[in-house]
Amino acid sequence: MNADFATLCANEPELATLRASLRAFLFADRDEFGWQPTVDAWLSSWDEGFSARLGDAGFLGMTIPGEYGGQGRSHLHRYVVTEELLVAGAPVAAHWIADRQVAPGLLAYGSEEQRQRLLPRIAAGRCFSSIGMSEPQAGSDLAASSAKATKTAGGWLLSGTKVWTSGAHLAHQIVVLARTGPVDPQRRHAGFSQFIVPTHSPGTTISPIVMMSGEHHFNEVSFDEVFVDDATVLGEIGAGWHQVTAELSFERSGPERILSTAPVLTALVRLLAAQDDLDDHAAAAVGDLLARVISLRQLSVSVARALAAGQAPVNEAALVKDLGTRFEQESVELAADLFSYATQVPGREPVAALLDIARLHSPLFTLRGGTNEVLRGVVARGMGLR
Ligand SMILES: Cc1cc2nc3c(=O)[nH]c(=O)nc-3n(C[C@H](O)[C@H](O)[C@H](O)COP(=O)(O)OP(=O)(O)OC[C@H]3O[C@@H](n4cnc5c(N)ncnc54)[C@H](O)[C@@H]3O)c2cc1C
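What counts, and at which threshold
- Residues numbered from 1 in each chain as written.
- Predicted model: local features only at pLDDT ≥ 70, side-chain atom pairs only at ≥ 80, totals over all residues.
- Heavy atoms only, no water.
- Domains from an automatic or database assignment.
- Contact = heavy atoms within 4.5 Å.
- Buried area = accessible area lost by both parts, 1.4 Å probe.
- Phe/Tyr/Trp six-rings, centres within 6.5 Å; stacked < 30°, edge-to-face > 60°.
- Helix = DSSP H or I, 4+ residues; strand = E, 2+ residues; numbered from the N terminus.
- Buried < 20%, exposed > 50% of the residue type's maximum accessible area, 1.4 Å probe, protein only.
- Lys NZ or Arg CZ within 6 Å of the ring centre and 35° of its normal.
- Axes fitted to C-alpha atoms, helices over the stretch in contact; angles between N-to-C directions.
- Left-handed = near helix turned anticlockwise from the far one by under 90°.
- Salt bridge = Lys/Arg side-chain N within 4 Å of Asp/Glu carboxyl O.
- Near = heavy atom within 4 Å.
- Polar contact = N/O pair within 3.5 Å; in protein donor to acceptor, adjacent residues only side chain to side chain.
- Areas by Shrake-Rupley, 256 points an atom, 1.4 Å probe, with all protein chains shown as cover.
- Nonpolar A, V, L, I, M, F, W, Y, C, P; charged D, E, K, R; others polar.
- Core = buried A, V, L, I, M, F, W, Y, C linked by side-chain atoms within 4.5 Å.

Undergrad: Looking at this model, I keep getting lost on the domain arrangement of the chain. Mind explaining?
TA: As a measure of interface size, the accessible area lost when the parts come together is often cited. Each assigned domain of the chain is listed here: domain 1 (3-127), domain 2 (131-239) and domain 3 (254-382). Computed over C-alpha atoms only, the centres of domain 2 and domain 3 are separated by 32 Å. Contact with domain 2, which involves 7 residues of that partner, is made by 5 residues of domain 3. Approximately 410 Å² of surface area, both sides summed, lies buried where domain 2 meets domain 3, with 75% of it carried by carbon and sulfur atoms. Of all residues in domain 2, S140, M211 and E215 give up the largest surface area on contact with domain 3, accounting jointly for 61% of the area buried on that side.

Undergrad: Honestly, the packing of aromatic side chains in this entry has me stumped. Any pointers?
TA: Scanning all chains against the criterion turns up 8 aromatic pairs. Each ring, one from W46 and one from F128, has its centre 5.7 Å from the other, and the planes form 70 degrees; the classification is edge-to-face. Within this pair, whereas W46 is found in the loop between α3 (41-44) and α4 (48-56), its partner F128 is found in the loop between α7 (112-123) and β1 (129-132), the two being separated by 82 residues in sequence. Geometrically, the ring pair formed by W164 and F218 is edge-to-face, given 5.3 Å between the ring centres and 70 degrees between the ring planes. In this pair, W164 sits in the loop between β3 (155-163) and β4 (173-179) while F218 sits in strand β7 (residues 216-229), placing the two residues 54 residues apart along the sequence. Among the residues examined, F218 registers a relative accessible area of 14% and is labelled buried. An aromatic cluster is present here, built from F25, W35, F50 and F59 joined pairwise through their rings. Above the face of the F33 ring, R53 is positioned so that its terminal group lies 3.4 Å from the ring centre. Looking at R179, its charged tip hangs above the ring of F192, at a distance of 4.3 Å from the centre.

Undergrad: Any chance you could explain the packing of helix α2 (residues 13-33) against helix α5 (residues 75-87) here in plain terms?
TA: What describes two packed helices is the angle between their axes and the distance between those same axes. Packing of α2 against α5 leaves a shortest axis separation of 10 Å and a crossing angle of 35 degrees. As α2 packs across α5, the resulting crossing turns out to be right-handed. Counted together, E14, L15, L18, R19, L22, R23 and L26 of α2 and L76, H77, V80, V81, E83, E84 and L85 of α5 form the full contact between these two elements.

Undergrad: Would you explain the pattern of salt bridges in this entry?
TA: Pairs can form between side chains of opposite charge whenever their charged atoms are close. Under the definition given, this model contains 19 salt bridges. Here the residues in one salt-bridge network are R19, R23, E83, E84 and R297, joined through shared partners.

Undergrad: Even after reading the chapter, I still don't get the site of the ligand, so can you show me in this structure?
TA: Close to the ligand lie 15 residues, the nearest being I131, S134, S140, T371 and E373. M133 is positioned such that a nitrogen or oxygen atom in its backbone is 2.9 Å from an oxygen atom of the ligand. A total of 970 Å² of accessible area belongs to the ligand in isolation, and the protein chains cover 63% of it. Grouping the constituent residues of the shell around the ligand by class yields 7 nonpolar, 6 polar and 2 charged. The residues that make up the shell around the ligand include at least three from each of domain 2 (131-239) and domain 3 (254-382).

Undergrad: Which parts of the structure should I look at to understand the environment of R305?
TA: Take R305: it is sitting in helix α10 (residues 280-308). Overall, the relative accessible area of 25% leaves R305 in the partly exposed class. Residues R305 and A274 lie 31 residues apart in sequence; the distance between their C-alpha atoms is 37 Å. Within polar-contact distance, the side chain of R305 engages the side chain of E12 at 3.0 Å.

Undergrad: Hey, could you run me through the nonpolar core in this one?
TA: Membership of the largest hydrophobic core comes to 54 residues, with the highest contact counts inside it found for F50 and L85. Those elements giving two or more residues to this core turn out to be α2, α3, α4, α5, α9 (262-273), α10, α11 (314-339) and α12 (348-365). Top contributing element to this core by residue count: α10, with 8 residues. When residues of this core are assigned to domains, at least three fall in each of domain 1 (3-127) and domain 3 (254-382). F50 has contacts with F25, L26, D29, W35, L85, A90, P91 and V92, leaving out every residue within four places of it along the chain.

Next comes the structure, spelled out in structure tokens:
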């Protein structure tokens, strides 16, 4: 393969070797434990045993230094791993947030005690975390958050309500954004701090929000004078906004903003490949679909390379999420259309089942991690247009 093309594809020899070893692991693990690939697995497919096996095999904590139990590799190594996990539709939800967001946050802002306590467990696939940012009256406008932490002897008293808290009912901890300073209308982003709150803390109530499909991923979490000690403060008091926005580049630009529907797309393409005399329109639509995935992937890889180089590509990450999640949504409609061409082949049922899940989850793609409309505002500001 041409070296430039290998770079664009994140397929240099070392990355290709990593990719091959993870594929072998996934094949053997699925064979032994029988998990079924699913779409949007990073939100919905929670399997603590799988996370532990993945950690034991050395595929978690890729960017965590060896002294904290991680693999000490780059963001690109992590990129390759997450991409392969998503395409395989592996049950990754349990460790996803901790590995993707909490680990970089701890490395950037955490105390030495927090790093030593939490990072080895994250790298081992045995520490599960949620993110407590959104509130009933503060989603896009996160600065309107009203959860607050008040100083008390030895710690803080946390009160308020968070909503859409994915996985909180199963996680060990929630990283909560709360006000620790007074509201200043001139400086709306000032006075926020982050706390790593154990989910079993007295005064914490986690109530399910069940989707119309019957699935339960989200929760409403209320904190009623929950005591958290000083060791739970992540980073600096008052620096919460800066910390949260820095984290978002990791959250927004990864392969999960392109590949949430990959398991149904790959299954469908295999089905169509087995079809005799595939209609020209369908063949062209498959080509179009793959061309879009490849271009989006190259954008996303370039953000991963910027992160690996220590940059903060906030605008680029927002653009990847906007384009990638719109593609994810459109891919569901395209897949449904293409499915109608696969008339003469066996094995349609599993693809139809994946398509059903993809349809149900599709509205979520452009909302989570900040809605696309709001991200376009971020990009406009970043380009000096606002
Ligand atoms: C699957 C999923 C998982 C999630 N997981 C978590 C989680 O784990 N933790 C967490 O804290 N949150 C989570 N969220 C919440 C998510 O971050 C919010 O839904 C999102 O930020 C939007 O907030 P909102 O729902 O309050 O919508 P609103 O902010 O009320 O927005 C409603 C609509 O108005 C539009 N809008 C709002 N402001 C503007 C503007 N300035 N310009 C243009 N349009 C605008 C929005 O684009 C949107 O279409 C999750 C959401 C989803 C869908």
